[in-house]
Amino acid sequence: MADVRIDKFLWAIRAFKTRTDAAEACKGGKVKVGTVNAKPSRLVQPGDILNVRKGAVTFVYKVIQPTEQRIGAKLVPNFAENLTPEAELEKLRAPVETFFVTRDRGAGRPTKKDRREIEQIWDALEDL
């Protein structure tokens, strides 16, 4: 089992949910063997160091034994060693910033209720 494609290997060790995701990451330049970008058809060998960028985190794996069959999570250490620095893993634990900004009542655009009240006042002023 020496000839294993890198996209199959990354899928097999559960770095990606699907092989398609792994292949697209390779095509997008997010997977490197050493310092060289890897194509999806690149063959992995024992001892290869794989750098996989997923979002803001760059995972580092060392190939122990190539496999193209998806394996259980408990068996992954037999096939790949996770060398990801602790600083990169801290990025996963960082709190997620929310996009919703709270505003004080009355600040910003009027609500639908506010708009109706404003229209009632304008209508009352027009009647005078």
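Residues numbered from 1 in each chain as written. Predicted model: local features only at pLDDT ≥ 70, side-chain atom pairs only at ≥ 80, totals over all residues. Heavy atoms only, no water.

Peer 1: Explain the pairing of strand E5 (residues 49-54) here, please?
Peer 2: A regular strand places its side chains so that they alternate between the two faces of the sheet. Sheet topology note: the strand E2 (residues 31-33)/E5 ladder contains 3 bridges and is antiparallel. Across the sheet, the residue bridging to Val31 is Val52, located in E5. Counting the residues that bridge the hairpin from E5 to strand E6 (residues 57-63) gives 2 residues, and of these Gly55 lies at a positive phi of roughly 70°. (Pairing = 2+ DSSP bridges. Helix = DSSP H or I, 4+ residues; strand = E, 2+ residues; numbered from the N terminus.)

Peer 1: Sorry, what's going on with the pattern of salt bridges here?
Peer 2: Side chains that differ in sign of charge can pair as their charged atoms come close. One pass over the full model with this rule turns up 5 salt bridges. One salt bridge in this structure joins Glu68 and Lys8, with 3.6 Å as the shortest N-O distance. One end of the pair, Glu68, is in the loop between E6 and strand E7 (80-82); the other, Lys8, is in helix H1 (residues 6-12), and 60 residues separate them in sequence. Measuring nitrogen to oxygen at the nearest pair gives 3.2 Å for the salt bridge that ties Lys91 to Glu88. Taken together, the positions of Lys91 and Glu88, both in helix H3 (residues 86-93) and 3 residues apart, correspond to about one turn of that helix. Among the charged side chains, a network of salt bridges with common partners joins Arg5, Asp7 and Arg19. (Salt bridge = Lys/Arg side-chain N within 4 Å of Asp/Glu carboxyl O.)

Peer 1: Explain unusual backbone geometry here, please?
Peer 2: With the exception of glycine, the majority of residues adopt a negative phi angle, and the majority of peptide bonds are in the trans configuration. Although it is not a glycine, Arg14 sits at a positive phi angle of roughly 70°. Relative to the elements of secondary structure, Arg14 occurs in the loop between H1 and helix H2 (19-27).

Peer 1: Could you clarify how one ought to interpret a nonpolar patch on the surface in this entry?
Peer 2: A cluster of nonpolar side chains, contributed by Ile118, Ile121, Trp122, Leu125 and Leu128, occupies part of the molecular surface with about 600 Å² of accessible area. Turning to its location among the elements, Ile118 is positioned in helix H4 (residues 112-127). (Patch = residues over 30% accessible without salt bridge, like charges linked within 9 Å, V, L, I, M, F, W, Y side chains within 5 Å. Areas by Shrake-Rupley, 256 points an atom, 1.4 Å probe, with all protein chains shown as cover.)

Peer 1: What am I meant to see in H4 here?
Peer 2: One turn of an α-helix holds 3.6 residues; hence residues three or four places apart share an orientation. The terminal C-alpha atoms of H4 lie 23 Å apart, and with 16 residues this matches the ideal 22 Å at 1.5 Å per residue to within 8%. By the criterion of burial, H4 is predominantly exposed, with just 0 of the 16 residues buried. (Expected span 1.5 Å × (residues − 1). Buried < 20%, exposed > 50% of the residue type's maximum accessible area, 1.4 Å probe, protein only.)

Peer 1: I keep staring at the packing of aromatic side chains and nothing clicks. Help me out?
Peer 2: Any pair of aromatic rings gets described here by the distance separating the centres and the angle formed by the planes. Summed over all chains, the structure comprises 1 aromatic pair. Taking 6.3 Å as the distance between ring centres and 15° as the angle between the ring planes, the aromatic pair formed by Phe59 and Tyr61 counts as stacked. Each member of the pair Phe59 and Tyr61 is classed as buried. (Phe/Tyr/Trp six-rings, centres within 6.5 Å; stacked < 30°, edge-to-face > 60°.)

Peer 1: Would you mind going over the side chain of Thr84 with me for this structure?
Peer 2: Within the element layout of this structure, Thr84 appears in the loop between E7 and H3. According to the relative accessible area criterion, Thr84 is buried, its value standing at 10%. Among the polar contacts made by the side chain of Thr84, one reaches the main-chain amide nitrogen of Val60 at a distance of 3.0 Å. Discounting residues that sit within four places of it in the chain, Thr84 has contacts with Thr58, Phe59, Val60 and Leu89. (Polar contact = N/O pair within 3.5 Å; in protein donor to acceptor, adjacent residues only side chain to side chain. Contact = heavy atoms within 4.5 Å.)

Peer 1: What should I look at first to understand the sheet that holds E6 in this one?
Peer 2: Working definition: the strands of a sheet are paired by backbone hydrogen bonds and lie parallel or antiparallel to each other. Spatial strand order, E3-E2-E5-E6-E7: 5 strands in an open sheet with antiparallel pairing. Lying at the two open borders of the sheet, with one neighbouring strand each, are strand E3 (36-37) and E7.

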